[in-house]
Amino acid sequence: MTYQPLNLGRWIIWGGAALLFAAAPHLFPGGFALTMLTQMGVMILFALSYNMLLGQGGMLSFGHAVYSGLGAYVTVHALNQIGAGTFYLPVPLLPLVGGIAGLAFGLLFGYVTTKRAGTTFALISLGIGEMVFACVLMFPGFFGGEAGISTNRMVGQPFLGLTFGPGIQVYYLVALWCFLGMAGMFALTQTPLGRMANAVRDNPERAEFVGYNTRHVRFLQLVLSSFFAGVSGALSCINFEIVSAENVSAIRSGGVLLATFIGGVPFFFGPVIGAIVFVFFIVALSGFTKAWLLYLGLFFVLIVVYAPGGIASLILMQFPVIRAGRWRELALPYALAALAGLVALAGLIGLVEMVYRLSDQGVSTVLQLLGMSFDARSAPPWIAFGAILAAGLASLRAAARRVGERWGAIQLELQAQAAA
Amino acid sequence: MKSAIELRDVHKSFGTTKIIFGVSLQIREGERHAIIGPNGAGKSTLFNLISGRYEVSAGRILLHGADITNLQPFEINRKGLSRSFQVTNIFHNMSVYENVRCGVLWPAGYRYSFWHRVGGLRDVRQRAEEVMERIGLARRRNTLAGTLTYAEQRALEIGVTIAGGASVVLLDEPTAGMSRTETAQVVELIRSVTEGRTLVMVEHHMGVVFNLADRISVLVYGELLATGTPEEIRANPAVQEAYLGALHKEAARADGSHA
Ligand SMILES: Nc1ncnc2c1ncn2[C@@H]1O[C@H](COP(=O)(O)OP(=O)(O)OP(=O)(O)O)[C@@H](O)[C@H]1O
Ligand SMILES: [Mg+2]
């Protein structure tokens, strides 16, 4: 097994990413898609900054929303001051304000959290998260209490003719900062500090014996990460024009952990995928079903158990097979597995939605699904969905075994070829 | 002349258990010094005390005449002392090249830099290449350290230790678990990489010890029994009684059980 950085493909990847950012609103037209894309951009930045801790530095933080949230609070005040004419700063530069605020709080809290690694770090980060959340509610003067602080991003002179009124302008602002942030964070992985953060993650003891103070490495890594978190907080402030206690809450901190893990902690680009999926779950699915959080949780658990490297690992695993021209042999097993998975999913969705119908007091117990209606108080739909789920799971098992066998055989042959 | 390492009446106990009982020792600049002794004598503990892994219970430790007692491992490392571990202690999820580079970065002056691109640091790359060449892992540069063979991992352990060019090198059983040919290779490796440096090594292979060492210290139950040239140690009756004799007996018993 060899490890080689993708040098050649790098230009293609970054060029492609820039192109995708530029083209996305045209590929997915419509106001709803635009809202979603904008939120995805913000979340990508947030998740990437989180992975500077978890993936690159081995720091499991339960309080990362502190940095994005406080960055957002400072930004909202800056925006309101610009509106009041106290000083002038073009709106596109506001993310810098959020970033510097995030960095400042990173210096402050990070000094405490990074004293330790591992579980202790996780617990301190949780404690600081709770503390900041409590403070936000305790000082309504600055933080606006439960309701938060609202603002108006259309302030001052239009910047190069941009008012940031229309959503599309906000999207491109987010996209630009997201791209810059991505490039910046990637560049950081290529520096001595970035590499030693990996070393400290893998073997902190040895790092100390080659001259590195592991605490210092963790601290610097966290401070840099909180800068990008602050930028994402500022972007969310510009996008929603409101910042509230929710921005620093444990729910946010948990959300970014979920998103990052789903995407793939071991890979730089993993959190990008995770953020996209996560926002899709939140924004798109929550419009359809009240059970979206349950589906998200279930998805998360499946990833943790079956693909701890996240979606990115599932994708990257395919490349050697594709390169060897063997992917065709897997196409059919994959298709069968996907089909079986869909059947199981349909049964599961039916059952979950019926449970929600029963628990929704006063609301209809009739479930509308694919143009059909089912009454959750009668037995037949339960039996039917249960049977579909069981059949789906059984065939999924068989299909997965087939995929596994084919996969194993191909891997063995590829290894034999590599050795020869 | 100043000693490279000086121990002054060093004691170590874990809780109520005393492990090191007042060891005093001077290791000269540029010498190759071996520490031998039976299992559990406290050899690794002595290394852990010198390199800052454990806190000293009493006594002082000096490096090039400067007091380093109870400094942090990274502080001691920055003063020019580097050590390897008896149980391989490398970065398993990194490539051979990256492992070696980890040992190079600090001494090369890049410290916590987040404004240098590590791939563009020619001095670092050159040094890492040179070290990989020396430890015979140049062809394995992109292999993940965790997937190397045992002997290769031991070589990498030495590589990471010497990569930074420390003036004092501590090697804890560098040949443990190796075959005869592998051992011979490692001995040559150690000889070449410690040219012009001070070497302290813990070693069980007597062939290696008497081949490499300028002087030998014998540690038995946390006490220094003797220090001297290989000839002096071989001729020392107390050492023969306490250690070499016991070893011979052990060897004899092992041979007997084979038959
Ligand atoms: N962290 C520790 N806590 C408690 N006891 C320890 C600790 N480290 C070492 N010891 C004890 O100290 C004694 C000496 O151990 P040490 O590892 O220094 O021996 P050694 O001479 O290196 O032996 P070997 O030849 O087997 O490597 C042993 O009895 C060991 O159990
Ligand atoms: Mg030992």
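What you are looking at is a predicted structure, and each value in this text was computed from that prediction instead of being measured.

> Describe the overall build of chain A, naming the residues involved and giving the relevant values.
The number of helices and strands found in chain A is 16 helices and 4 strands. Relative to the compact-globule value of 22 Å for 420 residues, chain A shows a C-alpha radius of gyration of 24 Å, a close match. Taking the principal axes of the C-alpha coordinates as reference, chain A spans close to 65 × 65 × 45 Å. Out of the 420 residues belonging to chain A, those deemed buried represent 49%. A separation threshold of at least 6 residues defines the contact pool for chain A, and within that pool the share at least 24 residues apart is 76%. Counting only carbon and sulfur atoms, one obtains 72% of the accessible surface of chain A, whose full area is about 19,600 Å². In chain A, the 20 positive side-chain charges and the 13 negative ones have mean positions that sit 7 Å from each other.

> Which residues make up the domain arrangement of chain A, and what values go with them?
Interfaces are often described in size by the accessible area the parts lose on coming together. All names here are of chain A. Under the domain assignment, chain A is made up of domain 1 (8-308) and domain 2 (324-419). In this structure, domain 1 and domain 2 have C-alpha centres spaced 33 Å apart. The partner domain 2 presents 6 residues to the 6 residues of domain 1 that form the contact. Taken together, the two surfaces of domain 1 and domain 2 that pack against each other cover about 520 Å², and 63% of this comes from carbon and sulfur. When the buried area of domain 1 at its contact with domain 2 is split by residue, Lys290, Leu294 and Tyr295 rank highest and sum to 70% of it. Our count for the contact surface shared by domain 1 and domain 2 stands at 0 salt bridges.

> Please set out the packing of aromatic side chains residue by residue, giving values where relevant.
Inspection of the entire model under this criterion finds 23 aromatic pairs over all chains. Here the aromatic rings of phenylalanine 105 of chain A and phenylalanine 109 of chain A are separated by 6.0 Å at their centres, their planes lie at 20 degrees, and the arrangement is stacked. One end of the pair is phenylalanine 105 of chain A and the other is phenylalanine 109 of chain A, both in helix H4 (residues 94-113) and 4 residues apart, which spans about a single turn. Ring plane angle 90 degrees and centroid distance 5.3 Å describe the contact between phenylalanine 268 of chain A and phenylalanine 269 of chain A, whose orientation is recorded as edge-to-face. Ring-pair connections join several aromatic residues into one group, and the members of that group are Trp14, Phe21, Phe179, Phe186, Phe268 and Phe269 of chain A. The ring centre of phenylalanine 209 of chain A lies 5.6 Å from the NZ or CZ of arginine 83 of chain B, which sits over that ring. It is arginine 234 of chain B that lies over the ring of phenylalanine 210 of chain B; its NZ or CZ is 4.3 Å from the centre.

> Can you lay out the coordination of the magnesium ion (ligand 2) for me, pointing to particular residues and giving the numbers?
Residues and elements named next belong to chain B. The coordination sphere of the magnesium ion (ligand 2) contains the protein donors Ser44 (OG) and Gln86 (OE1), at a distance range of 1.9 to 2.1 Å. In this pair, serine 44 is assigned in helix H1 (residues 43-50) and glutamine 86 in the loop between strand S6 (81-83) and helix H3 (96-105), connecting sequence segments 42 residues apart. By relative accessible area, which is 21% here, serine 44 ends up partly exposed. Judged by relative accessible area, glutamine 86 falls into the partly exposed class, the value being 34%.

> Describe the site of ligand 1, naming the residues involved and giving the relevant values.
Residue and element names in this part refer to chain B. Around ligand 1, 13 residues are found, and the nearest of them are Gly40, Lys43, Ser44, Thr45 and Gln86. In the model, an oxygen atom of ligand 1 is placed 2.8 Å from a nitrogen or oxygen of the serine 44 side chain. For ligand 1, an oxygen atom lies 3.5 Å from a polar atom in the side chain of glutamate 173. For ligand 1, the protein covers 62% of the area, taking 630 Å² as the surface of the free molecule. Per element, the largest residue contribution to the shell around ligand 1 is 3 residues, and it comes from H1. A per-class count over the shell around ligand 1 returns 4 nonpolar, 7 polar and 2 charged.

> Requested: an account of the pairing of strand S3 (residues 32-36) of chain B, with residues and values cited.
Here is the key point about a regular strand: its side chains alternate between the two faces of the sheet. Residue and element names in this part refer to chain B. With 5 of its 5 residues buried, S3 lies for the most part within the structure. Burial along S3 is two-sided: Arg32, Ala34 and Ile36 facing one way and His33 and Ile35 facing the other are all buried. Note: S3 against strand S8 (residues 198-202), 4 bridges, orientation parallel. For histidine 33, the partnering residue across the bridge sits in S8 and is valine 200. In this sheet, strand S9 (residues 215-220) lies alongside S3 in parallel orientation, the contact comprising 4 bridges. Bridged to histidine 33 within S9 is arginine 215.

> Give me the sheet that holds S8 of chain B: which residues, what numbers.
Residues and elements named next belong to chain B. What the 6 strands build is an open sheet, ordered S6-S7-S8-S3-S9-S10; its pairing is mixed. Only two strands of the sheet have a single neighbouring strand rather than two, namely S6 and strand S10 (223-228). This sheet shows a mean twist of 15 degrees between the axes of neighbouring strands, independent of strand direction. Direction of pairing for strand S7 (residues 168-172) relative to S8: parallel, over a ladder of 5 bridges. Counted as the bridge partner of aspartate 172 is valine 202 from S8. Lying over the sheet, H1 contacts S3, S6, S7, S8 and S9, oriented at roughly 150 degrees with respect to S7. Each of S6 and S7 is contacted by helix H5 (residues 150-162), which is oriented at about 160 degrees to S7, the strand it contacts most.

> Quick rundown of the nonpolar core? Include the residues and the values.
Ranked by size, the top nonpolar core spans 149 residues in total, and within it Leu156 and Ile216 of chain B carry the most contacts. Ranked by residues supplied to this core, first place goes to helix H2 (residues 31-57) of chain A with 15 residues. Among the nonpolar cores identified, the runner-up in size contains 24 residues, and Leu7, Ile61, Ile68 and Val202 of chain B belong to it.

The rules behind each value
Here the residue index of a chain counts from 1 through its sequence in written order. All chains are assigned letters beginning with A, and all ligands numbers beginning with 1, in the order in which they are written. Given that the model is predicted, a residue must reach a pLDDT of at least 70 before its local features are reported, and side-chain atom pairs must reach 80 or more before they are shown or counted; all residues, however, enter totals for whole chains, interfaces and linings. Working from all heavy atoms in the structure, the side-chain values ignore hydrogens and water. Only DSSP runs of H or I reaching four residues or more are called helices, and only runs of E reaching two or more are called strands; each is numbered from the N terminus. Computation of the radius of gyration draws on C-alpha atoms, with the globule rule given as 2.2 Å multiplied by the number of residues to the power 0.38. Relative accessibility thresholds used throughout: buried, under 20% of the residue-type maximum; exposed, over 50%; partly exposed, between the two (1.4 Å probe, protein chains only). Here, residues are in contact when the closest pair of their heavy atoms is within 4.5 Å. Using a 1.4 Å probe, accessible areas were evaluated by the Shrake-Rupley method; residue-level cover was limited to the displayed protein chains. For this count, His and the chain ends are skipped, Lys and Arg are scored as positive, and Asp and Glu as negative. Every charge is mapped onto a representative atom, which is NZ of Lys, CZ of Arg, CG of Asp or CD of Glu. Boundaries of every domain are those given by an automatic assignment or by a domain database. Simply put, the buried area is the total loss of 1.4 Å probe accessible area from both parts when two parts are fitted together. Salt bridges are counted wherever a side-chain nitrogen of Lys or Arg sits within 4 Å of a carboxyl oxygen of Asp or Glu. A pair of Phe, Tyr and Trp rings is counted when the ring centres sit within 6.5 Å of each other, with Trp represented by its six-membered ring. The angle between the planes then sorts it: under 30 degrees is stacked, over 60 is edge-to-face, the rest tilted. We call a charge positioned over a ring when the NZ of a Lys or the CZ of an Arg lies within 6 Å of the ring centre and within 35 degrees of the ring normal. Each metal site lists N, O and S donors within 2.8 Å (3.2 Å for Na, K and Ca). With water left out of the atoms, a site can look as if it is missing ligands. By convention in this text, a residue qualifies as near a molecule or strand provided that one of its non-hydrogen atoms is within 4 Å of it. As used in this structure description, the phrase polar contact means that two N or O atoms lie within 3.5 Å; if the pair is within protein, one of them must be able to donate a hydrogen and the other to accept it, and residues adjacent in sequence are counted only when both atoms belong to side chains. Three classes are used: nonpolar for Ala, Val, Leu, Ile, Met, Phe, Trp, Tyr, Cys and Pro, charged for Asp, Glu, Lys and Arg, and polar for all others, with Gly counted as polar. Criterion used throughout: strands pair if DSSP finds at least two bridges between them. In this analysis, axes come from line fits to C-alpha atoms, helices being fitted only over the stretch in contact, and the angle between any two N-to-C directions falls in the range 0 to 180 degrees. Throughout, nonpolar core names a set of buried Ala, Val, Leu, Ile, Met, Phe, Trp, Tyr and Cys residues whose side chains join them through atoms within 4.5 Å.

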